[in-house]
Amino acid sequence: MTEILFSESQPGEISYVVIGVRHNDSWLFIKHRERGGYELPAGHPEEGESAEEAAIRELMEETGAEEFDISPVTYYSVVADSEKTHGQLFIARVSGFGDITDMDEIEEIVFSDDIPGELSLPTVMRALFDKLRQIMEE
């Protein structure tokens, strides 16, 4: 069983960054070429890169975002099979797009009011998307 725990403080070393992207009152989802499902833009911080720097890089590579504001939302931990990994969730409001530079991973981009179809990593992506929607309603 996979469990997602949210935290206001950093629970450990950040292995993942995930970005909820808003554009014209819609959510942006990517369809991952290898995993086959929809997901929020995400990735891993590279050596010496902060979580925010990684989120900005992944946002630009996976969506082509050029004009945007990005903010941290919360930290989270994924507990699965007695292993715990940590991530940070961000939200970005994008007003302008250019070219996607990560076409090896990204099959398509979809704008939607809700999850557009089958998710990659469904437990994690559903929990993070629900958290983003909750934050937007506050």
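Everything below is about the structure printed above this text.
First, a word on scope: everything that follows refers to the structure included in this document. Within each chain, residues carry numbers counting from 1 in the order of the written sequence. Local features in this predicted model are restricted to residues whose pLDDT is 70 or higher, and side-chain atom pairs enter the listing and the counts only when it is 80 or higher, whereas totals over whole chains, interfaces and linings include all residues. Hydrogens and water are ignored here; the side-chain numbers use all heavy atoms of the structure.

**Some thoughts on the environment of aspartate 25**
Here's step 1: Note that aspartate 25 resides in the loop between strand 2 (14–23) and strand 3 (26–32).
Here's step 2: For each residue, the accessible area found with a 1.4 Å probe, counting protein chains only, is set against the maximum for its type, and the residue is called buried under 20%, exposed over 50%, and partly exposed in between. Given a relative accessible area of 64%, aspartate 25 falls into the exposed group.
Here's step 3: Between the C-alpha atom of aspartate 25 and that of serine 112, which follows or precedes it by 87 residues, the distance is 8.9 Å. Working definition: helices are DSSP H or I runs of at least four residues, strands are E runs of at least two. Numbering for both runs from the N terminus.

**Overview of unusual backbone geometry**
Here's step 1: The phi torsion at aspartate 25 lies on the positive side, around 65 degrees, for a residue other than glycine.
Here's step 2: With a phi close to 50 degrees, aspartate 81 is a non-glycine residue in the positive phi region.
Here's step 3: By secondary structure assignment, the location of aspartate 81 is in the loop between strand 6 (65–80) and strand 7 (83–97).
Here's step 4: For aspartate 81, a relative accessible area of 68% corresponds to the exposed category.

**Let's talk about the nonpolar core**
Here's step 1: Ranked by internal contacts, the top residues of the largest apolar core, which has 21 residues, are Val18, Phe29, Leu40, Tyr76, Leu89, Leu128 and Leu132.
Here's step 2: Within the residue set of this core, elements represented by two or more residues are strand 3, strand 6, strand 7 and helix 2 (122–137).
Here's step 3: It is helix 2 that provides the largest number of residues to this core, a total of 6 residues. Nonpolar cores are built from buried Ala, Val, Leu, Ile, Met, Phe, Trp, Tyr and Cys residues. Side-chain atoms within 4.5 Å join them into one set.

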